[in-house]
Amino acid sequence: MVSQQTQEKYAELALRTGVNLQKGQALMINAPIEGADFTKLVVRKAYEIGAKDVHINWVDDELTLLKYENAPDEVITDYPEWKVKLHDSFVEDGAAVLNIRSTNPDLLKDIDPSRVAKANKAAAEAMVNFRKYTMNDKIPWSIISIPSGDWAQKIFPDKSKEEAVESLWEAILKIVRVDQDNPIAAWEAHNETLKTAREVLNEKNYKKLIFKAPGTNLEMELPQGHLWKGGSAVAETGVTFNPNMPTEEVFSMPHKYGVNGTVASTKPLNYGGSLIDNFSLTFKDGKVVDFKAEQGEEVLKHLLDSDEGARRLGEIALVPDESPVSQSGLVFYNTLFDENASCHIALGKAYPTNLKGGSAMDLETLDKHGVNDSLIHVDFMIGSNKMDIDGVKADGTTEAVFRNGTWSLNVKGE
Ligand code: ZN
Ligand code: ZN
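## Section: the overall build of the chain
Regarding its fold elements, the chain presents 14 helices and 20 strands. Dimensions along the principal axes, computed over C-alpha positions, put the chain at roughly 55 × 50 × 45 Å. Expressed as a percentage of the 414 residues in the chain, the buried residues total 55%. Within the chain, contacts between residues separated by at least 24 positions form 74% of all contacts whose residues are at least 6 apart in sequence. Positive and negative side-chain charges in the chain, numbering 45 and 63 respectively, have mean positions lying 4 Å apart.

## A short note on the coordination of the zinc ion (ligand 2)
In ideal tetrahedral geometry, four donors around a metal make angles of 109.5 degrees, whereas ideal octahedral geometry with six donors gives angles of 90 or 180 degrees. At 2.0 to 2.5 Å from the zinc ion (ligand 2) lie its protein donor atoms, namely Glu315 (OE), His377 (NE2), Asp379 (OD) and Asp379 (OD). Given four donor atoms and angles of 56 to 144° at the metal, the environment of the zinc ion (ligand 2) is assigned as irregular. Under the relative-accessibility criterion, His377 is labelled partly exposed at 21%.

## Re a nonpolar patch on the surface
On the surface, a nonpolar cluster with roughly 390 Å² of combined accessible area is contributed by Ile33, Trp58, Leu63 and Leu66. Within the fold, Trp58 resides in strand 2 (residues 53-59). Residue Trp58 is classed as partly exposed on the basis of its relative accessible area, which comes to 40%.

## Comments concerning the coordination of the zinc ion (ligand 1)
At this site the zinc ion (ligand 1) is bound by Glu249 (OE), Glu249 (OE), Glu315 (OE) and His344 (NE2), with donor distances of 1.9 to 2.8 Å. Taken in chain order, the donor set of the zinc ion (ligand 1) reads E-x65-E-x28-H. Separation of the zinc ion (ligand 1) from the zinc ion (ligand 2) amounts to 3.5 Å, with Glu315 serving as a shared donor to the pair. Here Glu249 is found in the loop between strand 9 (240-241) and strand 10 (250-252), whereas its partner Glu315 is found in strand 15 (residues 313-318), with 66 residues between them in sequence. Using a relative accessible area of 4% as the deciding quantity, one classes Glu249 as buried.

## Considering the pairing of strand 19 (residues 398-403)
Two strands pair when backbone bridges link them, and strand 18 (residues 388-392) and strand 19 are joined in this way by four bridges, in the antiparallel orientation. Looking at strand 19, one finds that Gly391 is bridged to Glu399. Here strand 18 folds back onto strand 19, and the loop between the two strands holds five residues, one of which, Gly396, carries a positive phi near 90°. In the sheet, strand 19 pairs with strand 20 (residues 406-407) via two bridges, with the strands oriented antiparallel. In the sheet register, Arg403 faces strand 20, and the bridge partner there is Thr406. Between strand 19 and strand 20, which pair antiparallel in sequence order, lie two residues; one of them, Asn404, sits at a positive phi of approximately 50°.

## A look at the packing of helix 1 (residues 4-18) against helix 10 (residues 183-204)
Where helix 1 meets helix 10, the closest approach of the two axes is 10 Å, and the angle between their N-to-C directions is 45°. Considering their axes alone, helix 1 and helix 10 lie oblique with respect to each other. Remark: the crossing between helix 1 and helix 10 carries right-handed chirality. Of the residues in helix 10, those touching helix 1 at Lys9, Glu12, Leu13, Arg16 and Thr17 are Pro183, Ile184 and Trp187. Looking at side-chain class alone, the contact of helix 1 with helix 10 contains four nonpolar, one polar and three charged residues.

## A few points about the packing of aromatic side chains
Given two aromatic rings, their pairing is described by the distance between the two centres and the angle made by the two planes. Counted under the stated rule, the structure contains eight aromatic pairs. Note on Phe38 and Trp169: the rings are 6.0 Å apart at their centroids and 65° apart in plane angle, and the pair reads as edge-to-face. With Phe38 in helix 2 (residues 36-49) and Trp169 in helix 9 (residues 161-175), the pair connects residues that are 131 residues apart, well separated along the chain. We note that Phe38, like Trp169, is buried. Taking 5.2 Å as the distance between ring centres and 50° as the angle between the ring planes, the aromatic pair formed by Phe279 and Phe380 counts as tilted. Note that Phe279 is positioned in strand 13 (residues 274-284) and Phe380 in strand 17 (residues 377-381), a separation of 101 residues in sequence.

## A look at helix 11 (residues 297-304)
Inspection of helix 11 places Val299, Leu300, Leu303 and Leu304 among the buried residues, and these make up the whole buried set. Down the axis of helix 11, the sector holding all buried residues measures 135°, keeping them to one side. Buried residues along helix 11 sit in contact with helix 6 (113-126), strand 12 (269-271), strand 13, strand 14 (287-295), strand 16 (344-348) and strand 17.

## Observations concerning the nonpolar core
Ranked by size, the top nonpolar core spans 65 residues in total, and within it Tyr10, Leu27, Ile29, Phe38 and Phe332 carry the most contacts. Among the elements that line this core, the one with the most residues is helix 9, at seven residues. Ignoring any residue separated from it by four or fewer positions in sequence, one finds Leu27 in contact with Leu15, Val19, Leu21, Ala46, Asp53, Val54, His55, Phe90, Ala95, Ala96, Val97 and Leu98.

## Looking at the pattern of salt bridges
Evaluation of the coordinates by the stated rule reveals 21 salt bridges. Of the charged contacts, one joins Lys109 and Asp110 as a salt bridge, the two residues approaching to 3.8 Å between their closest N and O atoms. Residue classification places Asp110 among the exposed residues on the basis of a relative accessible area of 68%. Lys349 serves as the salt-bridge partner of Asp373, at 3.2 Å between the closest nitrogen and oxygen. Of this pair, Asp373 sits in the loop between helix 14 (363-368) and strand 17 while Lys349 sits in the loop between strand 16 and helix 14, and the two are 24 residues apart along the sequence. The exposure class assigned to Asp373 is partly exposed, which follows from its relative accessible area of 32%. According to the relative accessible area criterion, Lys349 is buried, its value standing at 14%.

What counts as what
- Residues numbered from 1 in each chain as written.
- Chains lettered and ligands numbered in written order.
- Predicted model: local features only at pLDDT ≥ 70, side-chain atom pairs only at ≥ 80, totals over all residues.
- Heavy atoms only, no water.
- Helix = DSSP H or I, 4+ residues; strand = E, 2+ residues; numbered from the N terminus.
- Buried < 20%, exposed > 50% of the residue type's maximum accessible area, 1.4 Å probe, protein only.
- Contact = heavy atoms within 4.5 Å.
- Lys, Arg positive; Asp, Glu negative; His and termini not counted.
- Charge placed at Lys NZ, Arg CZ, Asp CG, Glu CD.
- Donors = N, O, S within 2.8 Å, 3.2 Å for Na, K, Ca; no water.
- Tetrahedral: all angles 85-135°; square planar, octahedral: opposite > 155°, others 65-115°.
- Patch = residues over 30% accessible without salt bridge, like charges linked within 9 Å, V, L, I, M, F, W, Y side chains within 5 Å.
- Areas by Shrake-Rupley, 256 points an atom, 1.4 Å probe, with all protein chains shown as cover.
- Salt bridge = Lys/Arg side-chain N within 4 Å of Asp/Glu carboxyl O.
- Pairing = 2+ DSSP bridges.
- Axes fitted to C-alpha atoms, helices over the stretch in contact; angles between N-to-C directions.
- Parallel < 35°, antiparallel > 145°, perpendicular 65-115°, else oblique.
- Left-handed = near helix turned anticlockwise from the far one by under 90°.
- Nonpolar A, V, L, I, M, F, W, Y, C, P; charged D, E, K, R; others polar.
- Phe/Tyr/Trp six-rings, centres within 6.5 Å; stacked < 30°, edge-to-face > 60°.
- Arc of directions from axis to C-beta.
- Core = buried A, V, L, I, M, F, W, Y, C linked by side-chain atoms within 4.5 Å.

This is a description of form; function is not addressed.
Shown next as structure tokens:
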């Protein structure tokens, strides 16, 4: 069993390094009922740090599934006003938001994908104000994960539920550096490494990236004024926080009209409880004009048809193959982990913070700069140890950025 002491270290890391909770600040937590013990540890620590209020939104896979199986369409597609108000009232008060995740990747596999797509869309539409707060870093927010029995057994199918949960705890704690003596210091050093890498890329200011791997031959323009981000972020209040734990990526945005060629996925994508696997997308002038998938093609179609911007890209992230997630050798069927094992791109909305001055621009101005907008933002993996990436500079010269899935560019700034 993972000791109480280790779980406390993780809780402390989530609050100090994750959302960087401040004295007198409120905290909203989304957490699974199966993880109630760990969540209560987090709450206790939050009050110790000086939180003025901690509010939990409990979620439960079984209850979610029961609703999808039984509730009429109009309930599924009607996101409750009170939920919107609840979220808005916390972020408008400057609260921190911590998401504790443990979702079973197969939860909704037998539910009609169009129902899931409609529900996701309704939620995204209703939560537009809340999302403005998180996607523009107006408030500190963070996502961490803990094991659940179903998720753990998806990753370790040959183990008993108990053993699988134990193995997943070990894997997670190692990946988020809680196995180290001082995880908070380890994260400071890690953030420094990511900061240097993003500074090197910002200095290079590539006009275009070219990706080559089995099944992939893709040219991607980057907008003028694009910014590479990665590691910790700074909220409007000046507080440094870590949106994702783990995080191993440096990321920016593709030009929404400047992507051409074909890209193949390298890991399964878990979208709203359904898996899409072995798929490829073909782009022309930034838009997906063709696609296929060995598994979940119908789900992929619904995803691409979510709205106008769902067929265009909102993120490009570079992750070297030696990342601890990749080295674990596990497929997590969970984007938060799998995206940190591999270079990835996202369909849908771009982070306005990836463009100089982007946070202050309206949608029309963002569009003129090549920044994509959508209700969705769905990451999927395209990297492997077979991926090469070239960077094309403004003067037309080309240089190697990645070879065989890892940096060939010197990103250590020496
Ligand atoms: Zn990413
Ligand atoms: Zn993303």
